[in-house]
Structure formats: C-alpha cells, structure tokens
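Reading the structure
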Amino acid sequence: MTMVYEKSKGLTDVPFHYCPGCTHGVIHKLVAESLVELGVLDDTIGVAPVGCSVLAYKYFNCDMQEAAHGRAPAVATGIKRVHPDKVVFSYQGDGDLASIGAGEIVHVAHRAEKITTIFVNNAIYGMTGGQMAPTTLVGQKTTTSPLGRDEALSGKPIRISEMLATIDGAKFVERVSVDTPANIRKAKKAIKRAFECQIKGEGFAIVEVLSTCPTNWGLTPVKALDWLKDNMIPYYPLGNFRNFEEGK
Amino acid sequence: MSKVLMKGNEAVGAAAIKAGCKYFFGYPITPSSEIPEYMSKALPEAGGVFLQAESEVAAINMVYGAGGAGARVMTASSSPGISLKQEGITYIAGAEVPCVIVNMMRGGPGLGSIQPGQADYFQSTRGGGNGDYRTLCYAPSSIQEIVDLVILGFDKADYYRNPVLIVADGMIGQMMEAVEFKDPAPIDLPEKDWATTGTGGKRQPNVVNSLFLQAEELQAHNDRLEKKYKLIEENEVLYEAYGLEEAEVVLVAYGTTSRIVKTAMKQAEAKGIKVGIIRPITLWPFPHDVFKTIGNNAKGILTVEMSAGQMIDDVKIAVEGRLPVYFNGTQGGMVPTPASVLADIEKIAGGTK
Ligand SMILES: Cc1ncc(C[n+]2csc(CCOP(=O)(O)OP(=O)(O)O)c2C)c(N)n1
Ligand code: SF4
Ligand SMILES: [Mg+2]
C-alpha cells in the first residue's frame, strides 16, 4: 500500500478538541506542515494564546509556552531575544490579538521583532461562548450584542492587517481564508512565506486567517463556510498588504 | 575586591550582571528609572540584551518568555508598575519560571507619589496576582545588602524555579553607599532541562504552562507548589535580631525604616531602656520563629513602617497574642523620625501606651 495522506509530523498525536467543522484544525495543520517543509520544526518555539486554541501547546510538536490572554507577542519577544537563531511564532485569536493584546501586537510589529504571528480571525470570542469581538461584523448577533453589533455603541470592526501594514517593522502582512481548497492552498503559501520572513531575518510577519466558528455562529459547518465567504471576505478583503523583497 | 561608591539603583543593575543576568525588560518609572538606564548601557557591554518594553505588562511577559527559554532575566519597576506586572507574576509562579523582579516602592494608592514608601507589603507578600502562589521576597536595608540579595536572588530563583522579589523603598534606590561585589556562595543548581530551547530533534517538546484544566491535575500541581513553598519557609528565612532576651520594648522594621529605628534604639538605651530589634530580611517567608525568643521583660512590640500598617499583621500572627503590638507609621513619602519612635518606646516601657 502506498501512503497517500498522513498527519503532519509537526503535530503531536493528541486529538484536537475543536468543534466539528471548526477551521482552527485546518490552520494548525498548515502551520505544522510549513514548519516541517522548511526544516525548522526542531528549532521552533511556539506561543499559545488564551482562546479556543489555548491547548495548541499540546498539538504542535515543538517546544511551546502558554501565554496570558493577549500577551503572546511579548512572551515570543522574550523567547526570541534569548534564542535569536530559533524560529518563534505566536498563534492567536481575534479577541486575544485584536482586543486585549492590541498593544502587544502593535509593538512587536513596531520593533520589527523577528517572529511570525498566526492570527485566527473568526469574528467572535469562541472559547467563552460567543461574545462580541472587536472583529465582529456590524449587525452580527453575539451573546453580548444580542440585537446585532451596533455601530453607534461599539464602533466598526477593526481591520488588523491593514493597521499593521502601516508599521514599517511589519515586513510581511497577508490576509487569507480557509473556506475553500483553493483558499487553503493560498493560506499555506502565505504562512510559509511568513516563516521565511523570520528565517531570513527580515522582521515581523503576520498572516491573518479568516476562520469559522460554527458553534457560536449557530450554523452548520458548511453554512459557516458560506457565511464567511458572503460576510467576512467583503469586509476583510483577502490579499497581501506587505511583502519583503529578498536581500533588500 | 575593593569597594566602589554606587547609587542603589545602579548597584542593582551591576549586581544582576554579576549574577549572570543577560536580559532585562522594563518600562521607566520614578524612583527606579536608573535601573533600566544603567542596564541599557551595561547589559549590551556584558553580551546581554536590554529592551525597553511598551508597558510593564509587556515587560513582565517578556520576562516570562525569556525565563521560560532558560535565561537569567530581570525586570524592575516601582509600585504602580509592579501592580501591572501582577498578571505576569502569577503566570510565572504558576509555570515555575525563575526570574528576579525589583520593586523600588513609592507611596500609594493609585499614582500616589514618587517619594519612598513601604505600602506594597501586602502586594509583595500576599501575592498581588490571582491564585495560590508565593514569591520569595527580600527586603534590603542598605546598598551592600541589595547587591548581595540580588545576586542571591538569582540563585534562589533558579534553585526553586520561582519568581524572586526584591522590595526596597525609593530611598535605597536613590542613595549612594560604598559596595563590594562578592562572589556568591557556590550552589548546586539543577539543569534547566524544562526550558523552551527548541528540541533539536533530541527530546520530546518542553511546555512552559500554568493551565491545568482537569481539577485533579490542578490540585496536584498546587500541592506540588505548596510543598515547594514549605521548603522555602523552612530554609530561606533571613532576619537580623538582637537584644530580644532582655528587651522591654521590641522594635520591628525592615528596609530604610530599620535604619531609623536603630537610631531611636540607641537613644532609648542611653536613657536606660532595654530595646530589642527584629529586622525581617525576607518578608516572605516571614521570620515568625524569632518572635518566640522574646524574653519575659517585654512589655510590648512596636512595628514601624512607611505605610498605614501592613507588616504589623504578620507581626501579630507571629506574636500569637502574647504581647501588645503597637504601630508607628508614616505615609506619602514622610519618613518616621527617631524622635517619634523614641517617644513610643518610652511610652511602652513606662506603661503609658
Ligand atoms: C485576562 C483574561 N480575560 C478574559 C479571559 C477570558 N477569555 C478566555 S478566551 C477569551 C476570548 C477568546 O477569543 P478569541 O481570542 O477570539 O479566540 P477564539 O476562542 O475565538 O479562537 C476570553 C475573553 C481570560 N482568560 N483572561
Ligand atoms: S467554539 Fe468556535 S472557535 Fe471554538 S472550537 Fe468551537 S467552533 Fe472552533
Ligand atoms: Mg475568535
């Protein structure tokens, strides 16, 4: 028999706890495969967030530190300064990165810290049961915006990639989605490139990944993918906001 | 080695470098800013990294990352900044990451003042962060002592895999004294085989973490921490005490206040009053046992602090109701005068207090 598919060596054997249809798992796989393909897994230290992916430290098959809510970029900074020759990444949700950790992510970019951030934007606080995130769309119902996000009360959702792309130290910024096989392939390319940015010593790199939360969106996994395409992508356009040129 | 004249804050930095500290993450605040200022120059010269963080919250989380990655690392701040660090300190304690944190205390609450204070005793000894954890807490009363304790603190942090606090008041940070940088007593330190250094393909991944979702797992983790804290209580208590057996009045004070109290003590003795002193050098673990050696002549205990009365709670616990405990305190950067302490000593000895 020939092996046609196997779990990435970048992941441990611990089964994911994610809800059925949640795309956190797909994103884990893309990160793990990228680290293996770049040949850096054994020289990588990851930082897990507080959010649904809090247990990421059990899933990635490399050294991991678990950070306080929003502080992963600061923790990653401490690690990278001690081990400048290692690959350091943070994996963070949108509540973690865009709300409580907004300060840390801005400054890790501003210092051009040579780390890679995987930013999983599902427009909601998944772990705590579906509260409003700074990324929640106007009109989107959550447990703390029961009538839908009210722009007059809470403002409009924040576009992190566009904001970080204004900072010189952010050398690679791209928004991708994992709603279709084609988009998953593009996401993988971006994630790999974001790690290359760090390995080549260019500066800070971030990939914002639009992701689903079928459970708290109250949709089936398939309908959640449609909702992402129809509602999130129009507000959060996919594409590259910053890329580095080799040797420049 | 010969003595050099140094300002307290700079001596803290020099002591850390002497102890092999290679990383410093901090945010400026009076009266401790000379520590990051000193480190920004001296650490790179010593082959280390100084980084000014965007906030105390970020700084302590950088410390968590660097300590978790196996390095000797320090941060320093003053009271409001230390409040912000509490989130990181409880994670560091929970994940058992070694580091040294210096607090040059100023007056509070809130923005308080930039004058020296001792009002962070509760925060230092009761854990300003959430959960069942303890931090080994040293309270130096001179520049020489702060140098010695910073150097010792790094060893103890590594030995116990625990955050170590150095708690001094702004006065100690600002004054100058002659100091000597002595080599620390040799200590057998365990390999940091738990640190996140990259597996190198040679071992299973290491995880630095304070999350234990199963109740039984967290209970077991807490039990293990408790055992460690017991060990620290048994082995790490430091204090200075004398005159307790004969004393009519026993003074209790730490840090700068203990120096003032000693002046008052001499004045009282010149008047024929027998006075003893207990100066805790570790605030946690607190030197409870030495209170048992107070003799039968004692009429009362006087606790002197630059606070509204915080350490006095520990003194009362230690005394177990055997003697009355009185308080002399100042706040806002006011410093207790030897005259006011002497007046209290006379009242207690004369039975009028
Ligand atoms: C200091 C602090 N505040 C609040 C929480 C509670 N909390 C845990 S996860 C979370 C939100 C996570 O949302 P997000 O980052 O979007 O991740 P997701 O679960 O959606 O992947 C919150 C508010 C916490 N753990 N710590
Ligand atoms: S709650 Fe949402 S984000 Fe969390 S695992 Fe379930 S589907 Fe995924
Ligand atoms: Mg989310």
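What counts, and where the lines are drawn
- Residues numbered from 1 in each chain as written.
- Chains lettered and ligands numbered in written order.
- Predicted model: local features only at pLDDT ≥ 70, side-chain atom pairs only at ≥ 80, totals over all residues.
- Heavy atoms only, no water.
- Helix = DSSP H or I, 4+ residues; strand = E, 2+ residues; numbered from the N terminus.
- Rg over C-alpha atoms; globule rule 2.2 N^0.38 Å.
- Buried < 20%, exposed > 50% of the residue type's maximum accessible area, 1.4 Å probe, protein only.
- Contact = heavy atoms within 4.5 Å.
- Areas by Shrake-Rupley, 256 points an atom, 1.4 Å probe, with all protein chains shown as cover.
- Lys, Arg positive; Asp, Glu negative; His and termini not counted.
- Charge placed at Lys NZ, Arg CZ, Asp CG, Glu CD.
- Near = heavy atom within 4 Å.
- Polar contact = N/O pair within 3.5 Å; in protein donor to acceptor, adjacent residues only side chain to side chain.
- Phe/Tyr/Trp six-rings, centres within 6.5 Å; stacked < 30°, edge-to-face > 60°.
- Lys NZ or Arg CZ within 6 Å of the ring centre and 35° of its normal.
- Core = buried A, V, L, I, M, F, W, Y, C linked by side-chain atoms within 4.5 Å.
- Pairing = 2+ DSSP bridges.
- Axes fitted to C-alpha atoms, helices over the stretch in contact; angles between N-to-C directions.
- Domains from an automatic or database assignment.
- Buried area = accessible area lost by both parts, 1.4 Å probe.
- Salt bridge = Lys/Arg side-chain N within 4 Å of Asp/Glu carboxyl O.

For the rest of this paragraph, the subject is the overall build of chain A. When helices and strands are counted, chain A shows 10 helices and seven strands. Expected size for 248 residues packed as a compact globule is a radius of gyration near 18 Å; at 17 Å, chain A falls within 12% of this value. With respect to the principal axes defined by its C-alpha atoms, chain A has extents near 50 × 50 × 30 Å. When burial is assessed residue by residue, chain A has 58% of its 248 residues classed as buried. A separation of at least 24 residues holds for 68% of the contacts in chain A among residues at least 6 apart in sequence. Of the accessible surface of chain A, which amounts to about 9,800 Å², a share of 58% is contributed by carbon and sulfur atoms. Charge centroids of chain A, computed over 27 positive and 26 negative side chains, lie 2 Å from each other.

Right, let's get into the site of ligand 1. Residues and elements named next belong to chain A. The local shell around ligand 1 holds 16 residues, among which C52, D94, G95, D96 and G126 are the closest. A distance of 2.9 Å is found between an oxygen atom of ligand 1 and a side-chain nitrogen or oxygen belonging to H24. Take D94: an N or O atom from its side chain is 2.5 Å from an oxygen atom of ligand 1. A total of 590 Å² of accessible area belongs to ligand 1 in isolation, and the protein chains cover 76% of it. Among the elements that make up the shell around ligand 1, the one with the highest residue count is helix α4 (residues 94-100) (four residues).

Glancing now at the packing of aromatic side chains. Tallying each qualifying case throughout the model produces 14 aromatic pairs over all chains. Through a chain of ring-to-ring contacts, the aromatic side chains of F60, F89, Y91 and F195 of chain A assemble into a single cluster. Above the plane of the ring of Y235 of chain A lies R159 of chain A, whose end atom (NZ or CZ) is 3.7 Å from the centre. In this structure, R161 of chain B is placed above the aromatic ring of W194 of chain B, and the distance from its NZ or CZ to the ring centre is 4.1 Å.

Note: most residues except glycine have negative phi, and most peptide bonds are trans. Residue and element names in this part refer to chain B. A cis geometry characterises the amide bond from T30 onward to P31, with omega recorded as 5 degrees. In this fold, P31 is placed in the loop between β2 (23-26) and α2 (34-45). In this structure, P109 follows G108 across a cis peptide bond, with omega equal to 5 degrees. Tracing the backbone through its elements, the reader meets P109 in the loop between β5 (99-105) and α5 (121-126). The phi dihedral of E96 is positive, around 55 degrees, even though this residue is not glycine. Residues other than glycine seldom take positive phi values, yet R161 does so here, at roughly 50 degrees. Following the sequence through the fold, R161 ends up in the loop between α6 (143-160) and β7 (163-169). A relative accessible area of 24% means that R161 is categorised as partly exposed.

By size, the foremost hydrophobic cluster in this structure holds 116 residues, and its most contacted members are M74, I146, F291 and I301 of chain B. Considering every element that reaches this core, the biggest residue donor is α6 of chain B, with nine residues. If we ignore the near neighbours within four places in the chain, the residues touching F291 of chain B are V252, I278, F286, I301, V315, A318, V319 and R322 of chain B. Counting residues in each nonpolar core, the second largest holds 37 residues, with I27, A56, A190 and A194 of chain A among its members.

Right, let's talk about the environment of L189 of chain B for a bit. Residues and elements named next belong to chain B. With respect to the helices, strands and loops of the structure, L189 is situated in the loop between β8 (176-179) and β9 (207-208). A relative accessible area of 33% means that L189 is categorised as partly exposed. Between the C-alpha atoms of L189 and D158, which are 31 residues apart in sequence, the distance is 6.9 Å.

If you trace the eight strands from one edge of the open sheet to the other, you get β7(A)-β5(A)-β6(A)-β4(A)-β3(A)-β1(A)-β2(A)-β9(B), paired in mixed fashion. Sheet topology places β7 (239-242) of chain A together with β9 of chain B at the edges, where each strand pairs with a single neighbour. As paired elements, strand β2 (residues 63-66) of chain A and β9 of chain B share two bridges and run parallel to each other. Considered in β9 of chain B, the bridge of M64 of chain A is made with V207 of chain B. Its contacts with the sheet put helix α1 (residues 24-37) of chain A on β1 (44-48), β3 (87-93), β4 (116-121) and β6 (204-210) of chain A, and the angle it makes with β3 of chain A is roughly 170 degrees.

This next bit is on the domain arrangement of chain B. Residues and elements named next belong to chain B. Partitioning chain B into structural domains gives domain 1 (4-235) and domain 2 (240-349). Each of domain 1 and domain 2 has a C-alpha centre, and the two are 28 Å apart. Each side of the interface is counted separately: domain 1 has 31 residues, and domain 2 has 26 residues. Taking both partners together, domain 1 and domain 2 bury about 2,400 Å²; carbon and sulfur atoms supply 56% of that area. Our count for the domain 1 to domain 2 interface comes out at three salt bridges. Between R126 and D314 there is a salt bridge, with the nearest N and O atoms lying 2.8 Å from each other. Taken together, the links from domain 1 to domain 2 amount to 16 residue pairs in polar contact (both at pLDDT 80 or more).

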